[in-house]
Each structure stands twice: as structure tokens, then as C-alpha cells.
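# Examining the three-dimensional arrangement
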Amino acid sequence: MSPSSDNPLDQYFSPFELASSIADLLAEGLGDARYSELDVVDFCAGAGSLLDAVSARIPAARIFATDLDGSCVRLLRKVRPSWKVGQIDLFNERSRRSSLLYREQFYSAFVLNPPFSGRGVHVESSSFAEGLRFVCSRPLACLLLSLRALRIGGYGVAVLPLSCLRSDRDAHVVRWLSSHMNLTVHSYNGRGCFPDAAAQTVVVSVRRNCLAQPVSSGADGFVLPRVPERFSGLSGESLTLFRGKVPVRFRTRVASGGEGGVAACYVHTTDLKHPLSTWTSISVSRDVCLVRDCVLFPRVGKISKGSFRMYSGSVPLILSDCLFALSPNSEGIALTDLFLTLQDNCDSFVTNSQATGAPYLTISQICAIVDSLGFSVSIHQCRDRCLYRD
């Protein structure tokens with residue numbers, strides 16, 4: 001079946017192998033539940049491939065399917081007469097309320113392959129509970145709306161564009177889902193998984209928990225760090241996050257051969273495990289971003305406890321585009337304590353870098369880790385004549 005030209009959203013129906021793996025994950029997540037009592041829904045059912053896989057894996061489950069595309073709805077009603085099928089515009093509150101198939105805290109489980117994007121407006125405002133509203137991308141809004149329809153303890157599996165996990169726009173939703181709804185990343189699908197679509201995707205799961213009892217995700221999801229005892233009285237102290245911007249091949253372009261230059265060191269990922277004396281000395285103009293007292297760690301590549309490097313030298317640093325640095329904004333945070341704390345929570349950095357499907361960290365992920373430690377973090381913004389702590 002081909003996508004309908006009348007639908008303003010991009011439709012990419014789930015391939016058989018992907019649908020089967022999602023059904024397997026769903027069955028595993030439901031554990032010892034009585035299959036005859038399961039109500040499974042897909043609010044973006046399309047041609048029904050995910051629910052077909054669920055029916056094959058859990059034959060006793062009751063199946064519910066909705067879609068915005070009328071041609072998909074008509075097809076499913078014809079070829080799957082045992083399913084309960086309806087047409088819903090999931091982003092339209094009136095459409096949800098008028099349908100008997102969208103019911104909050106009703107379903108046991110959901111599967112979901114939401115529209116990857118949309119023509120025109122790409123952001124939706126989605127309410128999860130009273131006083132709790134998110135503005136996020138359409139795929140994550142679909143996930144939130146599906147999660148609302150789960151009863152407490154219910155389980156859902158979805159395929160999402162990888163951009164949802166990498167985007168700063170969606171970072172707050174990802175953090176909330178991680179800490180409250182057990183968001184877990186299970187697998188990464190490269191380009192070509194969906195015919196005619198270049199999008200990279202991930203398969204994730206969530207579990208509907210009571211909001212009065214927030215939880216942390218499992219080892220395969222976004223891990224929220226533990227707060228060390230030595231920082232127990234310092235909540236609210238602030239850090240500045242620097243993202244390096246000078247590629248190795250361009251480091252000579254920031255050099256200043258004239259008078260008035262600033263003596264600095266250029267540092268790259270490979271330098272973190274070598275003595276300071278081996279770091280590249282360079283003279284730069286005064287409008288280059290420089291960093292002083294900080295903890296350095298990789299943005300790109302595998303990360304371990306040995307990847308963190310504390311720096312408090314008198315010569316300022318220029319960061320390569322493969323590095324991050326965190327710098328205390330006050331004397332309330334000892335640099336040594338910050339360094340040891342980041343090392344203690346190395347697992348959080350490792351898990352988040354793997355969750356993106358590639359070994360690198362994003363600004364939003366670093367902010368989430370630091371925020372969970374109880375600190376406020378600001379992102380350094382480059383401006384004209386940018387010389388940090390001259």
C-alpha cells in the first residue's frame with residue numbers, strides 16, 4: 001500500500017523485520033501479563049504492519065487501530081474485520097475526544113511508528129497531565145499522546161527518528177521520559193531501513209508509571225547520575241559548558257602572527273591522555289574563545305573514566321571541535337570535586353553517547369546529566385571579542 005497524497009504527514013510504513021522485532025520487544029516488556037486481557041493500540045496504524053506483527057506474536061490480544069489517513073482506515077476495516085478501527089487526527093483534541101478509541105489510561109500496550117516529519121509546522125504542544133505540557137517534535141508528541149492512553153503499568157514500543165534524541169528542542173521531553181517513564185533505547189536503524197526514507201531511527205520503549213513515583217531508566221536507556229555526598233550542600237551552584245569549535249585541520253587559521261596575540265594551548269581529544277608539555281602552543285587573536293579552569297572530556301568517540309582531564313594551568317585553552325569543557329562559575333565548587341564527580345558518573349556519559357546510535361554526546365545530554373547532579377548549567381555563547389576570563 002502506498003502513502004496517501006491527501007495526508008499532510010510523511011508516511012513510512014514499517015518493514016516486516018522491524019515490525020517483528022517491535023512485537024518481540026512488546027511481548028518481552030509485558031512479561032507475565034495475561035494475553036487474553038491485553039488491549040493493544042496503534043494510533044498511527046497506517047497499513048497495520050506493526051499490529052499484524054503483534055497479532056502474530058500475541059494472538060489473544062485485542063487490537064485497536066487508528067490513523068489520520070482515511071484510505072488506511074478503510075483498508076484496515078476491510079482486511080482486519082476483527083480489529084476495532086477508527087479515524088483520528090491525533091494532534092487534534094476535538095478529534096481525540098470525539099472518538100471512542102482514544103481513551104486515557106485504558107490500553108495495556110501500544111506500538112507506534114509516527115510520522116517522521118510534517119510539511120509546514122513541525123512542532124506540537126502536547127499535554128500529558130494537568131499542569132504538564134510539552135512543546136516538542138511531532139514524533140515525540142505522538143509518543144506522549146500514546147503514553148497518555150496507557151493504564152498505569154502499561155508498556156509501549158515505538159520507532160522514532162534519531163533526531164528526537166539528538167535535538168535540543170526535544171531534550172526536555174527526553175529527560176522527562178527518562179526519569180519518569182523508563183524511556184529505554186533498544187536498537188539503532190541506519191539509513192535504508194525504511195524504503196525511500198533517509199531518516200535514521202531508533203527503537204525505544206516506555207512504561208506508564210504513576211507520576212507520584214518517578215523512576216530512573218534501566219541500564220540501556222538514559223541514565224540519570226547519582227549526586228555525590230560531597231556536593232550535597234551545593235545544589236544550585238552553576239557551571240558553564242563550552243563546546244569546542246576549532247577542527248584540527250583549521251587550528252592554524254586562528255593563529256595570530258601580530259602583536260597583541262594571546263598565548264594559548266590547542267587541545268584535542270588525543271591530547272587528554274598525554275602530558276601538558278605535549279599540547280600545542282599557539283598565539284591567537286583576542287576574539288577567539290578561550291577556556292581556563294575546567295574539566296575536559298570528549299564530545300566524539302568512546303568515553304571512559306580516563307577520558308576526563310582536569311586543567312587549571314595559567315595558559316588558556318582553545319578546544320577542538322571534538323571536546324567539551326565544564327568550568328565552575330564560583331569558588332563554591334572545587335575543580336577537583338567536579339572532576340571526581342564526573343568520573344564517578346562516567347556510566348551516564350557512556351550510556352547517553354550510545355543512546356544516540358553513534359559514539360558522541362550532545363549539548364542537551366550534557367545539560368541533562370549536570371542538571372540531575374543538582375547544578376545549573378549555562379552554555380557559553382560566542383560573541384565578538386570573546387575572551388573567557390582574561
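Residues numbered from 1 in each chain as written. Predicted model: local features only at pLDDT ≥ 70, side-chain atom pairs only at ≥ 80, totals over all residues. Heavy atoms only, no water.

## Remarks on the overall build of the protein chain
So the rule is basically this: Counting from the N terminus, the helices are DSSP H or I runs at least four residues long and the strands are E runs at least two residues long. Accessible area is worked out with a 1.4 Å probe on protein chains only. A residue is then buried under 20% of its type maximum, exposed over 50%, and partly exposed in between. The contact rule is simple, with two residues in contact once any of their heavy atoms fall within 4.5 Å. Exposure was quantified through the Shrake-Rupley algorithm and a 1.4 Å probe, taking into account, for residues, occlusion by the shown protein chains and nothing else.
On a plain count of helices and strands, the protein chain comes out with 10 helices and 17 strands. Buried residues in the protein chain amount to 52% of all 390 residues. Taking the contacts inside the protein chain whose residues are at least 6 apart along the sequence as the reference set, 72% of them involve residues at least 24 apart. Carbon together with sulfur atoms contributes 49% to the accessible area of the protein chain, which is approximately 17,800 Å² in total.

## What about the sheet that holds strand β16 (residues 323-328)?
Applied cut-off: Strands are labelled as partners when DSSP assigns at least two bridges between them. A fitted line through C-alpha atoms represents every axis, and for helices the fit uses only the stretch in contact; the resulting angles, taken between N-to-C directions, go from 0 to 180 degrees.
With respect to topology, five strands assemble into an open sheet ordered β14-β13-β16-β10-β17, the strand pairing being mixed. At either margin of the open sheet sits one strand with a lone partner, and together these are β14 (309-311) and β17 (376-379). On average, each strand axis in the sheet is tilted by 25° relative to the strand beside it, whichever way the strands run. As judged from the four bridges shared by strand β10 (residues 238-243) and β17, these two strands associate in the parallel manner. Counted as the bridge partner of T240 is S378 from β17. Of the strands in this sheet, β10, β13 (294-298), β16 and β17 are in contact with helix α10 (residues 363-372), which crosses β10 at around 160°.

## Quick look at the side chain of S146
Within the secondary structure layout, S146 lies in helix α5 (residues 138-148). The contacts of S146, once residues within four sequence positions are left out, are F43, F110 and L112.

## Remarks on the environment of R191
Along the chain, R191 falls in the loop between β8 (184-189) and β9 (201-207). Judged by relative accessible area, which is 61%, R191 ranks as exposed. The spacing of R191 and T201 is 10 residues in sequence and 8.0 Å in space, taken between C-alpha atoms.

## Considering helix α3 (residues 70-79)
Note the following rule: Directions drawn from the helix axis to the C-beta atoms are what define this arc.
Residues of α3 that are buried: G70, C72, V73 and L76. Down the axis, α3 shows its buried residues gathered within 160° of arc, on one side only. For α3, exposure combined with an orientation more than 90 degrees from the buried face picks out R74 and K78. Contacts from the buried residues of α3 go to β2 (62-67) and β3 (84-87).

## Structural notes on the packing of aromatic side chains
Rules: Here is the rule: rings of Phe, Tyr and Trp (six-membered ring for Trp) pair when centre to centre is within 6.5 Å. Planes less than 30 degrees apart are stacked, more than 60 are edge-to-face, and the remainder are tilted.
Using the criterion set out here, one finds 12 aromatic pairs in the structure. Between the aromatic rings of F134 and W176, the centroid separation amounts to 5.1 Å while the plane-to-plane angle is 55°, which identifies the pairing as tilted. Separated by 42 residues along the polypeptide, F134 in strand β6 (residues 132-137) and W176 in helix α7 (residues 171-180) bring together distant segments of the chain. Here F134 falls in the buried class, since its relative accessible area comes to 6%. Residue classification places W176 among the buried residues on the basis of a relative accessible area of 11%. Counting every residue linked through ring pairs, the aromatic cluster contains F43, F64, Y102, F106 and Y107.

## Here's the deal with the nonpolar core
Under the convention used in this document: Definition of nonpolar core: a set of buried residues of the types Ala, Val, Leu, Ile, Met, Phe, Trp, Tyr and Cys, connected through side-chain atoms within 4.5 Å.
Y107, F110, L140, L143, L144, L147 and L177 are the most contacted members of the largest nonpolar core, which has 38 residues in total. Looking at this core, the elements with two or more residues in it are β4 (107-112), β6, α5, β7 (150-161), α6 (163-166), α7 and β9. Broken down by element, this core gets its largest block of residues, seven residues, from α5. Setting aside anything within four residues of it in sequence, one finds Y107 in contact with D39, V41, F43, F64, L101, A149, L150 and R151.

## Some thoughts on the environment of E93
We count it as follows: Polar contacts here mean pairs of N or O atoms no more than 3.5 Å apart (in protein, one a potential hydrogen donor and the other a potential acceptor; neighbouring residues in sequence count only if both atoms are side-chain atoms).
Within the secondary structure, E93 sits in helix α4 (residues 93-98). With 33 residues separating them in the primary sequence, E93 and S126 have C-alpha atoms 9.7 Å apart. There is a polar contact of 2.7 Å between the side chain of E93 and the side chain of R97.

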